[in-house]
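So the chains spell out like this:
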Amino acid sequence: MAGQAFEQFFKEKDAVRNFLFYIKDLYAYAKLKILLNLVLMVLLGLLEGIGILMLIPFLSIAGILSSTTAAGGADFWLKQFFSDLGTTISLPVVLLIYTGIIFVQSWLRRYQSNLNTRIQQGFYSFLSIRMFQALAYTKWSSLMARKKSDVTHLLTGELARVSGGTQYVLQMTATAVISTIQIGIAFLLSPGLTFLVLLGGMAFFCWMQRYVKEAKKTGASISQHTRNLFFDVTEHLNGIKEVKTCGMETRQIENFIKLRQAIENNFVRFNRIQSGTDMLYRVGAAVFISIFLYSGIEIFQIQAEELLLMVVIFARLWPRLSSLQVGLQQVAMMLPAFQAVLDFESQCLRDQEKYLEGPAYAPIELRSGIELKHVFFRYQQESSSYALRDISFSLPAGTTTALVGVSGSGKSTVADLITGLITPQQGEILIDGTPIANSALHLWRRGIGYVPQDAFLFHASIRDNMGWAHPGASEEEIWKALKMAAIDEFAAHLPERLNTVVGDRGVRLSGGERQRMVLARALLRKPSVLILDEATSSLDGENEKRIYQAIESLHGRLTILVIAHRLSTIRKADQIIVLDQGRIVEKGNYANLMENKESRLRALAAI
Ligand SMILES: Nc1ncnc2c1ncn2[C@@H]1O[C@H](COP(=O)(O)OP(=O)(O)OP(=O)(O)O)[C@@H](O)[C@H]1O
């Protein structure tokens, strides 16, 4: 029957596998602490057992228990020993021993509870850190396919649920160990009755396993709805300006209420399962104890003291069975969260980038140039449409190349290929004549300064934002970088200069100020390659001119790739590459291309 219950609990193979993975992970993390925990559990179980046995001297002193009630067998000797204790020592001594046992037991329980919390919280951190590491080293192409809100949800909500489940796993283990010891002692005292209690208890326990399945279903539903809620809130915050501008608040609120209510209903449903099983256990206890008392007194005519002992044992064992049930339901509810965490982690691990770390590995500095040879790239493997087709060009070191083309022509995709965030399906990208090894990609990227379209700043001071890119940068280096990005005057006039906090994602700055700040941050790293992906799109003419003057002053020292939509900014580029629908349609310098009346660049300039 126990086998059936086990099977029912772990009906799906995945659940068994995940639960075993979970236990394996937990054990791998806290081997010694878990062993210490087990020892404590055994000690606590024994002490609780002795606590029960101490009833015998009480009964003996009170004259309820005679020392000749049973003869022979382990139970006789045990009872005899404790009964003798009652007749040879006085009541105060027995009470003192009893209090001592309870004191030691309480102290151990407190120690074990602290140890459990240490294991639980430590395991939570262990899983979070492991998951965050896996996430940080995952390939961009794999991250691109994921919703940010799902990842946040996994790292916060789902992992917190897993941690809550850990508490129950530890509690259940303690309950199981202590119960086993108590059952052993109860067997010594009264094998027949204990067997009957156990049989009844097991049958009841197995019957109750249907609720564990229910709990698991509720857990899966909670996972799904909390994920949706995270998504909704994240989207709302990302688009809060648009929401307010278009007066869409009510719709957002309605959505939020719907999701919140679904979660609320699931938790209420789960509590209904928990309280329902608790009620059934209580009613079951009353029925069982009535049957035992009746059959003990009327049919088996058991001695009163034995019945009393059985009531005590039953009163201790039954709640444990109930707490095992509650624990199983809690763990079953947590398993979908663990499964989600595990799936995400294994996907991240499958798509890892190799990293060479350590002082021996310096950023790769470009010496002769970058070359793209017949590169084809498509975002979806199964799709027949390519974002880039047969792209070949080179960026000699120290030159400035401009990529132009209408929206969607593939400019940002070229930039992502050069940084190694994505890899071509056909063709190759050579850095100083050789393809960059997978393991060295991060070293290559460390030598690149990148300013994206939607430049972001942390909610921190300018100094901290700069320090993020180059932790050891001196005050002088920071001001130099700010000057190169034409933002030094702005920073110098701020009330707290470098200590001024720029708001969340830099919202306290104008679009142009933010982009110049991010450009300064990129330059602070002293990169050998600088990529500007429409980085000047929100600058006014004057600021744009200043940035390009600064960039021109870097000409020859850096290899620069500029993705630009304003052609005025690329006049001085060494070469201009015009893209259209993923193909290179023109190459040359500004003067050459503009000379040709049919040129695409001219057409773009006209637009
Ligand atoms: N993550 C993605 N998944 C699928 N397709 C994508 C993805 N990113 C871009 N594309 C597609 O690839 C093509 C090239 O996009 P890309 O962003 O490189 O163009 P772009 O020239 O930089 O455009 P824009 O000037 O608007 O930024 C487009 O058709 C676009 O829809």
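- Looking at an unreviewed UniProt entry, the protein chain carries the name ABC transporter ATP-binding protein, with the source organism given as Formimonas warabiya.
- The Subcellular location (unreviewed entry) comment attached to the protein chain in UniProt states, word for word, "Cell membrane".

## Regarding the overall build of the protein chain
Then, number 1: When helices and strands are counted, the protein chain shows 22 helices and twelve strands.
Then, number 2: In the protein chain, which comprises 607 residues, the proportion classed as buried is 33%.
Then, number 3: In the protein chain, 79% of the contacts between residues at least 6 apart in sequence involve partners at least 24 apart.

## Here's the deal with the site of the ligand
Then, number 1: Neighbouring the ligand are the residues Met144, Tyr379, Ala387, Gly405, Ser407, Gly408, Ser409, Gly410, Lys411, Ser412 and Thr413.
Then, number 2: Here the shell around the ligand gets three residues from one element, more than from any other, and that element is helix 14 (residues 411-419).
Then, number 3: Here the residues of the shell around the ligand are counted per class, giving three nonpolar, seven polar and one charged.

## Topic: the sheet that holds strand 4 (residues 426-431)
Then, number 1: As summarised here, the arrangement of the four strands in space is 2-1-4-5, forming an open sheet in which the pairing is antiparallel. The two strands at the open ends of the sheet, each matched to only one other strand, are strand 2 (388-396) and strand 5 (434-435).
Then, number 2: As defined by bridge partners, strand 1 (residues 369-377) adjoins strand 4 across five bridges and the pair is classed as antiparallel. By the bridge assignment for strand 4, Leu372 is matched with Ile429.
Then, number 3: Docked against the sheet, helix 14 engages strand 1, strand 2 and strand 4, running at close to 120° with respect to strand 1.

## Description of the sheet that holds strand 10 (residues 559-563)
Remark on secondary structure: sheet strands pair via backbone hydrogen bonds, oriented parallel or antiparallel.
Then, number 1: In space, the six strands of this open sheet follow the order 6-9-10-3-11-12, with mixed pairing throughout. Here the strands that pair on one side only, and so sit at the sheet edges, are strand 6 (448-451) and strand 12 (583-588). Geometrically, the sheet is characterised by an average inter-axis angle of 15° between neighbouring strands, direction not taken into account.
Then, number 2: Bridging between strand 11 (residues 575-580) and strand 12 involves five bridges; their strand directions are antiparallel.

## A few points about the pairing of strand 9 (residues 529-533)
Then, number 1: Of all five residues that make up strand 9, five are buried, and the element is covered over most of its length.
Then, number 2: Where burial is concerned, the two faces of strand 9 agree: the one with Val529, Ile531 and Asp533 and the one with Leu530 and Leu532 are both buried.
Then, number 3: Relative to strand 9, strand 6 runs parallel, the two sharing four bridges. Residue pairing in the sheet places Ile448 in a bridge with Val529 of strand 9.
Then, number 4: In the sheet, strand 9 pairs with strand 10 via five bridges, with the strands oriented parallel.

## Thoughts on the environment of Val502
Then, number 1: Within the fold, Val502 resides in strand 8 (residues 501-502).
Then, number 2: The exposure class of Val502 is buried, given the 21 C-beta atoms found within 10 Å.
Then, number 3: The spacing of Val502 and Ile289 is 213 residues in sequence and 69 Å in space, taken between C-alpha atoms.
Then, number 4: With residues up to four places along the chain from it excluded, the contact list for Val502 reads Leu457, Ile462, Asn465, Arg508 and Leu509.

Conventions used here
- Residues numbered from 1 in each chain as written.
- Predicted model: local features only at pLDDT ≥ 70, side-chain atom pairs only at ≥ 80, totals over all residues.
- UniProt positions renumbered as here; feature names shortened; annotations may be inferred.
- Helix = DSSP H or I, 4+ residues; strand = E, 2+ residues; numbered from the N terminus.
- Buried ≥ 20, exposed ≤ 12 C-beta atoms within 10 Å, placed from the backbone.
- Contact = placed C-beta atoms within 7 Å.
- Near = placed C-beta within 6 Å.
- Nonpolar A, V, L, I, M, F, W, Y, C, P; charged D, E, K, R; others polar.
- Pairing = 2+ DSSP bridges.
- Axes fitted to C-alpha atoms, helices over the stretch in contact; angles between N-to-C directions.

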